[in-house]
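Summary of structural features
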Amino acid sequence: MATVLKLLPPWRFVRFSRATQVTSVLSVQLHTTGAMTATVEEFNQAKVKLGTLRSDPGNEVKLKIYALFKQATQGPCNTPKPGMLDFVNKAKWDAWKSLGSVSQEEARKQYVELISSLVAAEAPADVGAQPTGSAATFQTLQVTTEDNITTIRLDRPQKKNAITVEMYNELIEALELAGKDDSVITVITGNGDYYCSGNDLNNFTKIPEGGIEKMAKDAGELLRRYVKAYIDFPKPLIAVVNGPAVGVSVTLLGLFDVVYATEKATFHTPFSQLGQSPEGCSSYTFPKMMGAAKASEMLLFNKKLTATQAREQGLVTEVFPDTSFQSEVWARLKAYAKLPRNSLALSKQLIRGMERERLHTVNDQEVERLVERWLSDECMQAIMSFFQAKAKL
Ligand SMILES: CCC/C=C/C(=O)SCCNC(=O)CCNC(=O)[C@H](O)C(C)(C)COP(=O)([O-])OP(=O)([O-])OC[C@H]1O[C@@H](n2cnc3c(N)ncnc32)[C@H](O)[C@@H]1OP(=O)([O-])[O-]
């Protein structure tokens with residue numbers, strides 16, 4: 001970011017010179033208090049990253065950055081209020097004062113998160129937008145960028161878009177790229193009649209050399225990374241649920257910003273039927289969203305929801321008639337994608353940022369439990385039953 005930023009009157013006088021920031025930070029001793037805070041190193045890295053931004057994030061954001069920086073390095077504002085006509089310093093003072101008694105550690109963490117989201121929302125010089133047709137780089141997905149929207153389509157329609165190990169890895173990569181490209185929003189949807197039938201149960205049949213324990217451990221690590229990609233996704237993420245959704249594709253909806261569904265969609269999490277346990281942070285997001293009892297009906301007792309029920313429970317934002325689903329949803333998404341990119345990314349960060357650490361903890365705990373479940377007799381019996389039932393057809 002240029003040191004002298006273009007600002008509109010009366011804010012044109014608000015300038016954050018790099019020199020001021022550097023002087024301030026040098027005069028402060030920072031310390032780390034634990035995993036829920038940003039380390040000194042992360043804070044310093046964030047300062048450096050701030051200097052690499054190519055576009056001006058706007059006055060409001062710059063004031064927020066300024067306020068968080070002051071709070072992190074000097075603590076709550078207790079300097080005298082500048083006079084009414086000293087517009088610039090009064091705006092800065094107001095921003096700092098508005099942080100009240102937020103601790104220095106918390107301010108440091110928010111500073112790091114804010115800069116990270118600004119950096120993530122800005123395409124690196126050598127990446128740029130993914131051109132339409134970049135699907136060639138993926139085997140199990142179609143990924144396109146058009147009209148400021150990056151769309152990731154699950155592309156195994158013959159298998160109801162069941163997620164193989166390869167597909168998990170490709171989805172992680174596609175999300176990573178989408179988070180950094182020039183698009184304003186990212187959409188996940190399915191090709192064919194299903195949105196997604198969840199984990200490909202064949203993933204459990206490929207036992208590596210290290211045996212079933214190794215398989216469970218590797219699958220756990222992959223799942224952790226997969227869910228993390230959603231928790232950390234830096235811009236608005238929208239699910240276009242074109243048909244039935246099962247398992248992990250349902251649980252993850254709690255990490256999307258908006259979920260649009262056709263009336264034909266259903267939502268099913270048959271975890272106990274499979275001897276497994278919830279993932280995708282649903283053990284936290286579902287009770288929060290729909291209350292413990294309704295969440296338990298789904299996550300413990302395998303209750304399959306219609307699209308309308310899912311909307312009533314808060315899992316789905318809006319349900320559309322199947323005949324007009326695609327046209328209505330895409331018209332709306334194209335309009336959304338014309339909104340300012342940084343503003344959307346930063347607002348998402350505000351909405352989701354407070355919960356990020358908690359979601360990571362939930363993800364870790366769910367993965368730990370699932371790795372145990374995958375080694376249980378209950379789970380193995382359930383997987384065998386699926387394949388035996390298939391064999392009888
Ligand atoms: C790791 C994180 C933890 C995740 C947990 C979860 O996601 S738990 C949730 C885990 N998910 C489940 O428990 C769902 C298991 N699947 C089902 O219950 C049913 O397939 C269905 C209800 C999705 C669709 O029924 P339908 O009668 O409309 O269609 P159809 O059955 O004829 O399917 C067409 C083809 O696709 C195949 N295929 C589909 N899904 C899967 C899959 N997940 N796996 C493998 N294969 C799958 C199916 O075998 C068939 O292959 P074929 O014979 O042509 O070679």
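Residues numbered from 1 in each chain as written. Predicted model: local features only at pLDDT ≥ 70, side-chain atom pairs only at ≥ 80, totals over all residues. Heavy atoms only, no water.

The name an unreviewed UniProt entry assigns to the chain is Enoyl-CoA delta isomerase 2 isoform X1, from the organism Chanos chanos. Recorded in UniProt for the chain, the comment headed Subcellular location (unreviewed entry) runs: "Peroxisome". (UniProt positions renumbered as here; feature names shortened; annotations may be inferred.)

1. Details of the overall build of the chain
Within the chain, the regular secondary structure consists of 15 helices and 9 strands. In the chain, which comprises 393 residues, the proportion classed as buried is 50%. Within the chain, residue pairs in contact and separated by at least 24 positions form 75% of the contacts whose partners lie at least 6 positions apart. If you sum the accessible surface of the chain, you get close to 18900 Å²; carbon and sulfur atoms cover 55% of it. (Helix = DSSP H or I, 4+ residues; strand = E, 2+ residues; numbered from the N terminus. Buried < 20%, exposed > 50% of the residue type's maximum accessible area, 1.4 Å probe, protein only. Contact = heavy atoms within 4.5 Å. Areas by Shrake-Rupley, 256 points an atom, 1.4 Å probe, with all protein chains shown as cover.)

2. So, the sheet that holds strand β5 (residues 245-246)
What holds strands together in a sheet is hydrogen bonding between their backbones, with the strands either parallel or antiparallel. With mixed pairing, 3 strands are arranged side by side in an open sheet as β5-β7-β8. At either margin of the open sheet sits one strand with a lone partner, and together these are β5 and β8 (305-306). The sheet contact formed by strand β7 (residues 266-268) and β8 spans 2 bridges and is antiparallel. Each residue of the ladder has a partner; that of Thr266, found in β8, is Thr306. (Pairing = 2+ DSSP bridges.)

3. A few points about the domain arrangement of the chain
Domains assigned within the chain are domain 1 (19-122) and domain 2 (130-392). Distance between the C-alpha centres of domain 1 and domain 2: 35 Å. Of the residues lining the interface, 13 residues belong to domain 1; the matching set on domain 2 comes to 11 residues. Roughly 1100 Å² of surface becomes buried between domain 1 and domain 2 when both sides are summed, with 57% attributable to carbon and sulfur atoms. Our enumeration of links across domain 1 and domain 2 arrives at 0 salt bridges. At the boundary of domain 1 and domain 2, one finds 0 residue pairs in polar contact (both at pLDDT 80 or more). It is helix α5 (residues 104-121) that contributes the most residues to the side of domain 1 that touches domain 2, 7 residues altogether. Considering only residue class, the side of domain 1 that touches domain 2 consists of 8 nonpolar, 2 polar and 3 charged. (Domains from an automatic or database assignment. Buried area = accessible area lost by both parts, 1.4 Å probe. Salt bridge = Lys/Arg side-chain N within 4 Å of Asp/Glu carboxyl O. Polar contact = N/O pair within 3.5 Å; in protein donor to acceptor, adjacent residues only side chain to side chain. Nonpolar A, V, L, I, M, F, W, Y, C, P; charged D, E, K, R; others polar.)

4. Let's talk about the sheet that holds strand β3 (residues 185-190)
Taken in spatial order, the 6 strands of this open sheet run β1-β2-β3-β4-β6-β9, and their pairing is mixed. At either end of the open sheet lies a strand with only one pairing partner, and these are β1 (141-146) and β9 (318-320). When the angles between neighbouring strand axes are averaged without regard to direction, this sheet yields 20 degrees. Examined bridge by bridge, β3 and strand β4 (residues 237-241) share 4 bridges and lie parallel to one another. In the sheet register, Thr189 faces β4, and the bridge partner there is Val240. (Axes fitted to C-alpha atoms, helices over the stretch in contact; angles between N-to-C directions.)

5. Comments concerning the packing of helix α3 (residues 59-74) against α5
Following both chains from N to C, one finds α3 and α5 inclined at 145 degrees, their axes separated by 8 Å at the closest point. Handedness of the α3/α5 crossing: left-handed. Residues Val61, Lys64, Ile65, Leu68, Phe69, Gln71, Ala72, Thr73 and Gln74 of α3 form the contact with α5, whose own contacting residues are Gln104, Ala107, Arg108, Gln110, Tyr111, Leu114, Ile115 and Leu118. Of the residues in the contact of α3 with α5, the class split is 10 nonpolar, 5 polar and 2 charged. (Left-handed = near helix turned anticlockwise from the far one by under 90°.)

6. Quick word on helix α9 (residues 282-290)
Of the residues making up α9, those classed as buried are Ser282, Tyr284, Thr285, Phe286 and Met290. Against α8 (248-251), α10 (292-299) and α14 (356-374) lie the buried residues of α9. Remark: Gly291 follows α9 within two positions and exhibits a positive phi of approximately 90 degrees.

7. Examining the pattern of salt bridges
Going through the model one piece at a time under the given rule, you end up with 22 salt bridges. Across the pair Asp257 and Lys348 runs a salt bridge whose closest N-O atoms are separated by 2.8 Å. Here the residue Asp257 occupies a position in the loop between α8 and β6 (258-262), and Lys348 occupies one in helix α13 (residues 341-353), the gap between them amounting to 91 residues. Overall, the relative accessible area of 8% leaves Lys348 in the buried class.

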